[in-house]
Amino acid sequence: MTACSSGSDGGSAGGETGAKAVIVGNNSEPQNPLVPANTNETGGGLILDHIFAGLEYYDAKGNPQMEVAESIKSDDNQNWTIKIKGDTKFSDGTPVTSKSFVDAWNQSVKQSMLNASFFESIQGYDESLKVAKDATEADPNGAGNLDMAGLKIVDDTTFTVALKQPESDFPLRLGYSAFYPLPEAGLGDRAKVKAYGANPISNGPYVVKKDSWKHNEQIELIPNPDYKGYRKPKNGGVTFKFYSTQDAAYNDLLAGNLDVLDAIPDSAFGTYQKDLGDRSVNEPSAIFQSFTFPKSDARFQGEAGALRLQAISMAINRKQICKTIFQGTRTPATDFIAPVIPGHNDSLKGNEVLKYNPKKAKELWKQADAIQPWTGDIELAYNTDGGHQAWVDATMNSIKNNLGVKAKGAPYSDFKSIRNEVTNRTIKTAFRTGWQADYPSPFNFLGPLYITGGSSNDGDYSNPDFDNLLKKALNTTDQKEAFKIYDQAQEILLKELPAVPLWYSNVNGGWAKGVHGVQFDWHSKPLYFDITK
């Protein structure tokens, strides 16, 4: 997409105003059909968060608030009773019941969906997942038929969850999209679920306008008249445009063809706050950036691999890149958890590996060479529709200049393309990774990305000591003690670097003239239901 020439006065997009106004926002093409438990990337996630209502939602500051749930209680942090409101329904008129949640959660595991590991704490998960994987090996389209033993339906508005161990932060997770309910139309074999995801029936503030998803172009959301929760839309809908570059999106914002933008291109970092004035935002957010080498790359495995990863990390001048490329909109990483999340620690033992030290980097690289001689180049895959080229080039140049190896970027045309290769484990190069928090907890920055079998463990990292520390932290009711355990887990990561931490991102965005009520939440996304024009 390229910027259009109309609307050059910088006003808001479209002609309607007031309650009927449709808000136009930016997004990226979802990787997969819109099925909550099979979506673990931001393009699809942004849409799902607006068309579904879960047991909870997260307010602007990241605090969980009841939505479909009436109560979530436990006497021992292991056996939970969840009661839901009895007056909510899906957009096809069918009621939202306890079965809607239990069946959706079970289906995610029985079909080994991308977010299946979010249910790992529930009793019977391992057995259900094994049956699912055995079925898939026998038939690529097959699925398991064993429900998780820890989920029980009591009645239409009550169900229970039995965990493998006490976990005090279990309720904190329940606003994440993996835990959303599904109607009967979204349950069934893989083909049925895939078809459902193209035109999903949902229960949130908005619904997808039928047949409005024009791939690689846009999708239209319209208000759900049956939604009764706090996030009731104040506008006539939201249209998400899928842009090929952030520059095109920013130009559309300036031209009045886009109402809200949540990602400023690096070409405008030095000017956007002047261009937009009080219609701009630059503030800390729950986003962590890194890059990862695939497990298939034997050069980064074993003792030599660990030394090389440390050398690469120390060869990157994060401070200079944050200053010159990002112009103060990023902060060099000191751990694996964003600073806005309780539990972040910038004084971890071993975090000198994240500090620029070209002399030490050369020494470590030489040590690795003595164990296993280096061959080939280093390439870092990134999506060109996300505005990453400048920092990738700077990072690769820093590695090349300090280690004396060939290093360069490997561009992909869009986010979906790179994610497909990462998900299918066909990618041969290092690749851009990172994390936008699902819920405000240290575990969310560590578990899904690095625990064995985690839903977003794209490098297939596995360390039993790390896994056990995370389980211990979850089973610790004293948060200060839990934070100390998370620190120990992070110290393991700093030695082995399953991903190379780079920096934490601010939310950098803006909105057009005539657009009101824009608020960016704790993990950098606009609260579209509140926006008017």
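Residues numbered from 1 in each chain as written. Predicted model: local features only at pLDDT ≥ 70, side-chain atom pairs only at ≥ 80, totals over all residues. Heavy atoms only, no water.

Asks: How do you make sense of the overall build of the chain when you look at a structure like this?
Replies: Across its full length, the chain carries 14 helices and 17 strands. Within the span of the chain, comprising 533 residues, buried residues form 59% of the whole. Considering only residue pairs separated by 6 or more positions, the chain has 71% of its internal contacts joining residues 24 or more positions apart. Here the chain has roughly 21,300 Å² of accessible surface; of this, 49% comes from carbon and sulfur atoms. (Helix = DSSP H or I, 4+ residues; strand = E, 2+ residues; numbered from the N terminus. Buried < 20%, exposed > 50% of the residue type's maximum accessible area, 1.4 Å probe, protein only. Contact = heavy atoms within 4.5 Å. Areas by Shrake-Rupley, 256 points an atom, 1.4 Å probe, with all protein chains shown as cover.)

Asks: Could you clarify how one ought to interpret the packing of aromatic side chains in this entry?
Replies: Two aromatic rings, taken as a pair, are described by how far apart their centres are and by the angle between their planes. According to the stated counting rule, one finds 26 aromatic pairs in the structure shown. Between Tyr57 and Tyr230 the ring centres are 5.8 Å apart and the planes differ by 5°, which places this aromatic pair in the stacked class. One end of the pair, Tyr57, is in strand β2 (residues 56-58); the other, Tyr230, is in the loop between β9 (218-223) and β10 (237-242), and 173 residues separate them in sequence. Residues Phe101 and Phe159 carry aromatic rings whose centres are separated by 6.0 Å and whose planes lie at 15° to one another, so their mutual orientation is stacked. Here Phe159 lies in strand β7 (residues 158-162) and Phe101 lies in helix α2 (residues 98-110), a separation of 58 residues in the sequence. Among the residues examined, Phe159 registers a relative accessible area of 0% and is labelled buried. What links up through ring pairs into an aromatic cluster is the set Phe101, Trp105, Phe118, Phe119, Phe159, Tyr176 and Phe179. Seen from the ring of Phe443, Arg173 lies directly overhead, with NZ or CZ sitting 5.8 Å from the centre. Directly above the ring of Trp365 sits Arg308, whose terminal nitrogen or CZ lies 5.5 Å from the centroid. (Phe/Tyr/Trp six-rings, centres within 6.5 Å; stacked < 30°, edge-to-face > 60°. Lys NZ or Arg CZ within 6 Å of the ring centre and 35° of its normal.)

Asks: Before we go on, may I ask you to explain the packing of helix α13 (residues 464-474) against helix α14 (residues 479-496) in this structure?
Replies: A packed helix pair is summarised by two numbers, namely the angle formed by the two axes and the spacing between the axes. As a packed pair, α13 and α14 sit with axes 9 Å apart at the nearest point and diverge in direction by 165°. On the basis of their axis angle, the class for α13 and α14 is roughly antiparallel. Crossing of α13 over α14 shows left-handed handedness. Judged by residue contacts, Asp465, Phe466, Leu469, Leu470, Lys472, Ala473 and Leu474 of α13 engage Ala482, Ile485, Tyr486, Gln488, Ala489, Ile492 and Leu493 from α14. Considering only residue class, the contact of α13 with α14 consists of 11 nonpolar, 1 polar and 2 charged. (Axes fitted to C-alpha atoms, helices over the stretch in contact; angles between N-to-C directions. Parallel < 35°, antiparallel > 145°, perpendicular 65-115°, else oblique. Left-handed = near helix turned anticlockwise from the far one by under 90°. Nonpolar A, V, L, I, M, F, W, Y, C, P; charged D, E, K, R; others polar.)

Asks: How do you make sense of the side chain of Asn506 when you look at a structure like this?
Replies: Among the secondary structure elements, Asn506 is positioned in strand β17 (residues 500-511). We classify Asn506 as buried; its relative accessible area is 15%. Engagement of the side chain of Asn506 in a polar contact is seen with the side chain of Asn282, the distance being 2.8 Å. (Polar contact = N/O pair within 3.5 Å; in protein donor to acceptor, adjacent residues only side chain to side chain.)

Asks: Help me understand unusual backbone geometry, please; the structure alone is not making it clear to me.
Replies: Backbone phi values are negative for most residues with the exception of glycine, while trans is the configuration of most peptide bonds. Positive phi outside glycine occurs at Ser112, with the angle close to 45°. Examined against the element boundaries, Ser112 turns out to sit in the loop between α2 and α3 (125-138).

Asks: Explain the pattern of salt bridges to me, please; I cannot follow it from the model alone.
Replies: Side-chain pairs of opposite charge can arise whenever the charged atoms involved come near each other. Here the structure, examined in full by the defined rule, presents 21 salt bridges. With its nearest N and O atoms 2.8 Å apart, the salt bridge here joins Asp169 to Arg173. Using a relative accessible area of 10% as the deciding quantity, one classes Asp169 as buried. Note that Lys525 is salt-bridged to Asp262, the shortest N-O span being 2.8 Å. (Salt bridge = Lys/Arg side-chain N within 4 Å of Asp/Glu carboxyl O.)

In short, shape yes, function no, at least from these values alone.
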